[in-house]
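Fold and contact review
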Amino acid sequence: MPAANGQPPVKLSLPLQFQQEIYTLLRAEDVLIILAKGLGLLRIVTNLLHSYDVAGNSLVILVGADDRENEWIGEALAEQHATSRSPLSKGLRVINTDKATVSMREKIYADGGVVSVTSRILIVDLLSKLLDPETVTGLVVLHAERVVATSVEAFIVREFRNNNKIGFLKAFCDAPEPLISSYAPLAAMMKNLFLRRPSIWPRFHASVAQSLEGKRKAEVIELEVPMSEDMLTIQQAVLECIDASIGELRKANTGVEMDDWTTESALHTNFDAIVRRQLDPVWHRVSWRTKEIANDLTTLRSILHALLYYDCVSLLKYLDTVLASHSPPPGATRQNQSPWLFLDAANTIFHTAKARVYSGSVKDKEALPSINLPDTLTPVLEEQPKWAVLSEVLDEIEAEQYFNPKIRDGSNNSVLIMCNDQQTCRQLREYLELMHTKPLPQDVNDGAAPHQEAEENEKGSAEFMLRRKLREYLIWRKAFAQVSAQLFEANQKSMQDIKSHGVNPRLGNKALTNKRRRVRGGAAGGFGRTASGAVGQSADKDSQLNGLLADLPATDGENMHRDDVVIDDLIDATDDFFELYDPADQIVIHPFSGDADDLLLEEVRPKYIIMFSPNLEFSRRVEVYRSSHMSSDLAVRVYHLFYTNSVEEKRYYGAVRREKDAFTKLIRERGSMAVTLSDTNVSDQEQFLRTVNTRIAGGGRLAATASPPTVVVDVREFRSALPSLLHGRNMQIVPCQLTVGDYVLSPQIAIERKSISDLISSFKSGRLFNQAETLLKHYKYPFLLIEFAQNKSFTLDPFADLTSSLSNLKIPDTETRDLQSKLALLTLSFPRLKIIWSSSPFQTAQIFEELKKQQEEPDPLKAVRIGLEEGEDEGERTFNSAPQDLLRAIPGVSNKNASRLYLEARDVKEVANMELKAFDHLVGREVGRQVVRFFTRSVVDDEAAT
């Protein structure tokens, strides 16, 4: 970039052609960049921010960045500052917690530079004019796919553009897949961002393809690893269970759109969320069986993941916990259990998983089938097929480095192994450390020739690791069985309590009879069936498990490999104690970490990359990494491991297809999309006419105001979408720290907003009665707003979910069972309190607009002072944090009424010694009773004492 105003030129780190084209476009105009994953989006953002940072006299706000992205961008800006050596650059400063005081934030804004602010803090600062929008040079918005009409980010952009017509606005998105689920997603996003031009950059873009497919591409070797027969059997059985569960959902919910409910779609990462989102509007009407099946899909998908990446012992352990968690309560019928457990495929899953770990052997084969049970258990310990391939690849790399040493080409000759998660990383690390360790040295030479013995020793084996895991599993299973037995006894006790209360009068005290015929014999040592026909716990005897445990003694080699804590005393260490470490001997195992993988590749500079599981995003990052070092002739070889005919392969190719379809839809929409025009230049006369209230029915008067309607909003309410919707209806939002109420519409109207979860917790803690009492005390028209979520059922589940019958033998949740009675008690205690039921934040905004008609505008200063002592300002006093936390932990004390205790009492001791009458004018009688009861409660339990 050329120099300007005599300053040194800006040095950018954008080596690829398409990255430079995007940067030039961003500097020229406001635009929305939609880039494919893995093509270095944060690198482009960092260079853009650096170009504004080195110019000085600017304030650029970064919106939508999470903690990891802030750390990444901060380090990159620091590196570029060291390269450019510009005296005006300040780097990245982050405001992400409430600990940043008003004065501190004001100073940061005044200093300028690049500032990353969380959305909730930024919108409050913009509305309160702590940050004047006209002083902001521009906004940079990350994750533009999250900017919807109800989001805080859309509120920020609208407030910024309404008050700043000349500041720049850049938006970025690297996840196009979520956009295709709605109608005209690109037009809606452009409208929310106040932008006119989108720029779409898929992987098949001509400039991107030319940059990444240069003269010398990375060498990619695809290794198709066949799954074992048992793994294929389990995978097919799980898919059958998923297909059956989806079929049950289709039959039970005929009125719901189910085009995407297929077995292929079930392999998608967000399939659970898609099903739940489509069922949310009718969630109160679906049966308990449908809800259970929706949860079962999550379980079955997790079993598929465990099959591919867990070892055989860990998979069996996980299946034991799944089976225990899905075990029905005593006396439950078949209708109350997960349907997939009754399928033959479910029995295949558990039986085959156990057969991969150990099997039974029968001594007397002429015995009757009814008593043909295994006398001993023999370990099988099937290894994951990818482990052997990984060992062979590492041997090949080691042999190549030894026989064909090459001159340094920019890489460190190190090996980088990428996995899905940390658990897989730990598993591979343990395997690589122990694959040449034999569990029983005395049995290695079993009549084999010396050369055969040497070849066998060179091959990697997980037998040592799996034997140790099996021994730990058997010990765990004993303790797990004891816990399960205790839970079963507790369930039986609760079952008797339910029967004693007369759940079904026709049953009386009769036991539920089982009409199923008992099946004798069966598979030896397999998973049995319960009385209702579901898969039961394993039929292995304790003596068999103890015998298997006795056959797995801890060897001397295993005792040497225990993870002991080693403390090195380096005080007396000499130079001979240290030596240089050759990077060629380094093997790095790391999980996929998104944008942090770019830094990993630059720091490690591996010559060999082994992708233990396929990942589309990381594959492109390797392409960018290789193409970015074309001048240094960097050689990179990538080994791509994946199971053939597996859900892993289908999921990978499905992700490629979905991304291509998403970009294709966006490109077609862009070709036919109309230009988005915003009314940014509204005349004063038209702005005045918009405020005219022409409703004169019922004796009303024609009224007009020079300013839009005002609503005073508590700063804690900006976590919700309602303030943004009110602002979208041309209302002026004034954020304040309110003590009484959440929204003040007029000097006489105050509203306390509660979501359903907040309503239940408020009743439980008792603070809602105190809030209602203070509302009645200070306002003529107090309201309690009960607001439901958008696109969800407009009803309370405890009231409307009548599909569950009494035969479920379940006691309703005590917190939700008496919610209706608590609401009735609230209205009886406070007759003047009016309750508003709202189906969504959109309807709430309409209700507020109707309530404000013919009403005076509220005074923010008076609204803040309501609930405080006369002459006292809450912001002028400071308090110790420890006593504050202690007071807020007392039952009945909330963040709002705790300030009255801070102002009145000198310490916690004075609060503990207060009488009940002293709490009346502070927090109310109801909260006072809870505080007094808390401090006067005996330390010794009365029942235990008697």
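Residues numbered from 1 in each chain as written. Predicted model: local features only at pLDDT ≥ 70, side-chain atom pairs only at ≥ 80, totals over all residues. Heavy atoms only, no water.

Selection criterion: UniProt positions are given in the numbering used here, feature names are shortened, and annotations may be inferred rather than shown by experiment.
Named according to an unreviewed UniProt entry, the protein chain is DNA repair protein RAD16 originating from Lithohypha guttulata. For the record of the protein chain, the UniProt heading Subcellular location (unreviewed entry) holds the text "Nucleus". Looking at the Sequence similarities (unreviewed entry) heading of the UniProt record, one finds this comment for the protein chain: "Belongs to the XPF family."

**What about the overall build of the protein chain?**
Heads up, the rule is: Under the scheme used here, helices are H or I runs from DSSP no shorter than 4 residues and strands are E runs no shorter than 2 residues, and both carry numbers assigned from the N terminus. Exposure classes here rest on a 1.4 Å probe applied to the protein chains alone. A residue is buried below 20% of its type maximum, exposed above 50%, and partly exposed in between. By definition, residues are in contact when any of their heavy atoms lie within 4.5 Å. Note that accessible areas follow from Shrake-Rupley with a 1.4 Å probe, and for residues the cover is restricted to the protein chains shown.
Along the protein chain, the regular secondary structure elements total 36 helices and 22 strands. Counting all 946 residues of the protein chain, 46% fall into the buried class. Sequence separation of at least 24 residues holds for 75% of the intrachain contacts in the protein chain that already meet a minimum separation of 6. In the form shown here, the protein chain has an accessible surface area of approximately 49700 Å², with 51% of it arising from carbon and sulfur atoms.

**Observations regarding unusual backbone geometry**
Despite not being glycine, H143 shows a phi value in the positive range, around 55 degrees. For H143, the location among the structural elements is in the loop between strand 5 (138-141) and helix 6 (152-163). With a relative accessible area of 15%, H143 lands in the buried category. Look at N645: it is not a glycine, yet its phi comes out positive at around 55 degrees.

**With respect to the packing of aromatic side chains**
As a reminder, the rule being used: The aromatic pairing rule takes the rings of Phe, Tyr and Trp, using the six-membered ring of Trp, and pairs them if the centres are within 6.5 Å, calling planes under 30 degrees apart stacked, those over 60 edge-to-face and the rest tilted.
Evaluation of the coordinates by the stated rule reveals 11 aromatic pairs. Here Y52 and F168 contribute two aromatic rings whose centre-to-centre distance is 4.4 Å and whose plane-to-plane angle is 15 degrees, an arrangement assigned as stacked. Note that Y52 is positioned in helix 2 (residues 41-53) and F168 in strand 6 (residues 168-173), a separation of 116 residues in sequence. Per residue, the accessibility class of Y52 equals that of F168, and both read buried.

**As for the sheet that holds strand 18 (residues 732-736)**
Cut-off, in case you're wondering: Should DSSP find at least two bridges between two strands, the strands are regarded as paired. The axes used here are C-alpha line fits, helices contributing only the stretch in contact, and every angle between their N-to-C directions lies in the interval 0 to 180 degrees.
Here six strands make up an open sheet; going across it, the order is 18-17-19-20-21-22 and the pairing mixed. The open sheet is flanked by strand 18 and strand 22 (834-838), the only strands paired with a single partner. For this sheet, the mean inter-axis angle between neighbouring strands, taken without regard to orientation, is 25 degrees. Helix 26 (residues 767-778) rests against strand 20 (749-755) and strand 21 (781-787) of the sheet, and its axis sits at about 165 degrees to strand 20.

**Describing the pattern of salt bridges**
For clarity, the threshold we go by: A carboxyl oxygen of Asp or Glu within 4 Å of a side-chain nitrogen of Lys or Arg is what we treat as a salt bridge.
Considering all chains together, one arrives at 32 salt bridges under this definition. The shortest N-O distance in the salt bridge between E623 and R203 comes to 3.3 Å. Separated by 420 residues along the polypeptide, E623 in helix 21 (residues 616-628) and R203 in the loop between strand 7 (198-201) and helix 8 (206-212) bring together distant segments of the chain. Judged by its relative accessible area of 14%, R203 is buried. Salt bridges linked by common partners bring D311, E430, R468 and K469 together as one network.

**Some points on the confidence of the model for the protein chain**
Note the cut-off: Residue-level confidence of the predictor is what pLDDT reports, using numbers from 0 through 100.
Averaged over the protein chain, the pLDDT score is 77; the fraction of residues at 70 or greater is 71%. Under a pLDDT of 50 for its full length, residues 361-374 has, in the predicted model, 21 contacts with residues more than four places off or in other chains. Taken as a whole, residues 871-879 scores under 50 in pLDDT and shows 11 contacts with residues more than four places along the chain or in a different chain.

**Quick word on helix 7 (residues 185-193)**
To keep it simple, the criterion reads: The arc in question is traced by the directions running from the helix axis to the C-beta atoms.
Within helix 7, burial applies to P185, L186, M189, M190, N192 and L193. Projection of helix 7 onto a plane perpendicular to its axis shows the buried side chains occupying an angular sector of 165 degrees, all on one side. Looking at the buried residues of helix 7, the elements they touch are strand 1 (32-35), helix 6, strand 6, strand 7 and helix 22 (647-672).

**Some points on a negative patch on the surface**
As a reminder of what qualifies: Surface patches are drawn from residues lacking salt bridges whose relative accessible area is over 30%; two like charges belong together within 9 Å, two nonpolar side chains (Val, Leu, Ile, Met, Phe, Trp, Tyr) within 5 Å. Only four residue types enter the charge count: Lys and Arg as positive, Asp and Glu as negative, with His and the chain ends excluded. By convention, charge coordinates are those of NZ in Lys, CZ in Arg, CG in Asp, or CD in Glu.
A surface patch of negative charge is lined by D66, D67, E71, E75, E79 and E603. If you tally residues by element for the negative patch, the top one is helix 3 (residues 67-84), at four residues. Tracing the backbone through its elements, the reader meets E79 in helix 3.

**Details of the environment of L122**
Among the secondary structure elements, L122 is positioned in helix 5 (residues 119-127). For L122, a relative accessible area of 1% puts it in the buried group. Sequence separation between L122 and N96 is 26 residues; the distance between their C-alpha atoms is 9.6 Å. With residues near it in sequence (within four places) discarded, L122 still touches I61, V63, Y109, V117, L131 and I156.

**Focus on the pairing of strand 19 (residues 743-746)**
With two bridges joining them, strand 17 (residues 710-714) and strand 19 adopt antiparallel strand pairing. When the sheet's bridge partners are listed, V713 is paired in strand 19 with Y743. The sheet contact formed by strand 19 and strand 20 spans three bridges and is antiparallel. Within strand 20, the residue paired with Y743 across the bridge is I751.

**Some details on helix 9 (residues 229-252)**
Each α-helix winds once per 3.6 residues, and so residues spaced three or four apart point in a common direction. What counts is decided by this rule: A helix's residues, less one, multiplied by 1.5 Å, set its expected span.
Taking 1.5 Å of rise per residue, 24 residues should cover 34 Å, and helix 9 covers 35 Å from first to last C-alpha, within 8% of that figure. Where helix 9 is concerned, the buried positions are M231, I234, Q235, A237, V238, L239, C241, I242, S245, I246 and L249.

**Here's the deal with the packing of helix 9 against helix 11 (residues 288-309)**
Stated precisely, the cut-off is as follows: What sets the label is the angle itself: under 35 degrees gives roughly parallel, over 145 gives roughly antiparallel, 65 to 115 gives roughly perpendicular, and the rest give oblique. Note on convention: the crossing is left-handed when the near helix lies turned anticlockwise from the far helix by less than a right angle, right-handed when the turn is clockwise. When residues are sorted by character, Ala, Val, Leu, Ile, Met, Phe, Trp, Tyr, Cys and Pro go into the nonpolar class, Asp, Glu, Lys and Arg into the charged class, and all the rest, Gly among them, into the polar class.
Their axes nearest at 10 Å, the elements helix 9 and helix 11 cross at an angle of 160 degrees. Taken together, helix 9 and helix 11 sit at an angle that is classed as roughly antiparallel. The handedness of the crossing between helix 9 and helix 11 comes out as left-handed. Residue-level contacts link M231, I234, Q235, V238, L239, C241, I242, S245, I246, E248, L249 and A252 of helix 9 to R289, T290, I293, A294, L297, L300, I303, L304 and L307 of helix 11. The residue inventory of the contact of helix 9 with helix 11, partitioned by class, reads 16 nonpolar, three polar and two charged.

**Comments concerning the packing of helix 1 (residues 17-28) against helix 2**
Taken N-terminus to C-terminus, the directions of helix 1 and helix 2 make an angle of 45 degrees; their axes are 10 Å apart at the nearest point. Taken together, helix 1 and helix 2 sit at an angle that is classed as oblique. Our pair here, helix 1 against helix 2, has a crossing hand that is right-handed. Within the contact between the two elements, helix 1 uses Q19, I22, Y23, L26 and R27 and helix 2 uses R43, I44, N47, L48, S51 and Y52. Class assignment of the residues belonging to the contact of helix 1 with helix 2 gives a composition of six nonpolar, three polar and two charged.

**Thoughts on the environment of V923**
Topologically, V923 is positioned in the loop between helix 34 (908-912) and helix 35 (925-935). By relative accessible area, V923 is classed as buried at 2%. Spatially, the C-alpha atom of V923 lies 9.5 Å from that of R767, the residues being 156 residues apart in sequence. Sequence-distant contacts of V923, defined by excluding residues within four places in its chain, comprise N770, N897, L901 and G928.

**Remarks on the nonpolar core**
Heads up, the rule is: Joining through side-chain atoms within 4.5 Å is the link that ties buried Ala, Val, Leu, Ile, Met, Phe, Trp, Tyr and Cys residues into a set, and such a set is a nonpolar core.
If you look at the biggest cluster of nonpolar residues, it comprises 97 residues, and the most contacted ones within it are L32 and I61. If we ignore the near neighbours within four places in the chain, the residues touching L32 are A144, A171, F172, L186, M189, M190, L193, L195, R197, P198 and S199.

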